[in-house]
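Read off the chains here:
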Amino acid sequence: MAGSAPYARYNVAIVRDLADSLAGQALRMNKDQGQSVDMEKARQEHKHYTDTLRSIDGLQLVELSGDSSLPDCVFVEDAAVVCGDTALLTRPGAPSRRAEVNSVKQALQQLNFNIVEMKDETATLDGGDVLFTGREFFVGLSSRTNQRGAQILADVFKDYVVIPVDVTGTLHLKTFCTMAGPDLIAIGSSVEAQKTLKEMLKLTTYNYTTLILPDDEAANCVYLNSPEKGHILLHRTAKEFPESAKRFKSLTNYTLIPVSNTELAKVDGSLTCCSILLNKGA
Ligand code: GLY
């Protein structure tokens, strides 16, 4: 593992306001069964999310403004993959999302990251498909991310093995699979999630522990390691996913922070989607 900081020790979080156009125009996987987004509630939930990040010791927030011409712009995670001192600006799979990268690029330039841009027009990559475990990258091959995108990521982050895995039945790899701690993979229980997990465990050489959540959506959680509090996990609330919330309680020595995400979930947004967490100066 490069560097000596603990896994997921971050000092900057990039977040972005919701676009006013989100409710009407954000992309949805399932266009027919869409429930309407309550924008006021969405803004409250997003404020709670950003306030929670702001309250974590040592974490500085970089807050970008929303842009009505970019309905999905709150989901900053998809625009860049940052590891060490390098930021790879992605080429998002959805053409309507490509211009989201510009503001994120400016923020990362101001933070002095080495910027690499994915310019190959045959490549697509969404940050939501990129799971960095601290040891290696898993990249979900999904409707948004292709082999060429995964290859470019491997070329940029040469210190790490990059393992492409198939993702079906959901938007991104991280929609049902995230890291809940060092070497601890949180994953949903659906057939599709378990199929991806099986492939991940077959292709890796590391021994990960798994935290299987009854609900796929709850497996998208945000893990951070803070200098004062150690393990911190933002996870979906007991009201949204009662059985999964019980499972999180098995994590001892964690500060568990329930965060509600009912509104952005309607447009396929998960907790990790709304921030890029990085360690400036790592
Ligand atoms: N609405 C999130 C996405 O489709 O990328």
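Quick caveat, the model's predicted, so the values are computed rather than measured. (Residues numbered from 1 in each chain as written. Predicted model: local features only at pLDDT ≥ 70, side-chain atom pairs only at ≥ 80, totals over all residues. Heavy atoms only, no water.)

**Some words on unusual backbone geometry**
Working step 1: With phi around 60°, Asp183 is a residue other than glycine that occupies positive phi space.
Working step 2: Residue placement: Asp183 occurs in the loop between strand E9 (177-181) and strand E10 (184-188).
Working step 3: Positive phi, close to 60°, is recorded for Asn253, a residue that is not glycine.
Working step 4: Here Asn253 lies in the loop between helix H7 (242-248) and strand E14 (254-258). (Helix = DSSP H or I, 4+ residues; strand = E, 2+ residues; numbered from the N terminus.)

**Digging into the packing of aromatic side chains**
Working step 1: Summed over all chains, the structure comprises eight aromatic pairs.
Working step 2: Note on Tyr7 and Tyr223: the rings are 6.1 Å apart at their centroids and 10° apart in plane angle, and the pair reads as stacked. Of this pair, Tyr7 sits in the segment before strand E1 (12-16) while Tyr223 sits in strand E12 (residues 222-226), placing them 216 residues apart in sequence. Accessibility classification places Tyr7 together with Tyr223 in one group, the buried group. (Phe/Tyr/Trp six-rings, centres within 6.5 Å; stacked < 30°, edge-to-face > 60°. Buried < 20%, exposed > 50% of the residue type's maximum accessible area, 1.4 Å probe, protein only.)

**Description of the sheet that holds strand E7 (residues 136-141)**
Working step 1: Read across the open sheet, the three strands follow the order E6-E7-E8; overall the sheet is mixed. Edge positions in the sheet fall to strand E6 (130-132) and strand E8 (161-166), since each of these pairs with one other strand and no more. Within this sheet the neighbouring strands show an average axis-to-axis angle of 20°, counted without direction.
Working step 2: Bridging between E6 and E7 involves three bridges; their strand directions are antiparallel. Paired with Phe132 across the two strands is Phe137, which belongs to E7.
Working step 3: The strands touched by helix H6 (residues 191-203) are E6, E7 and E8; relative to E8, the strand with the most contacts, the crossing angle is about 150°. (Pairing = 2+ DSSP bridges. Axes fitted to C-alpha atoms, helices over the stretch in contact; angles between N-to-C directions. Contact = heavy atoms within 4.5 Å.)

Treat this as a map of the structure, not an account of what it does.
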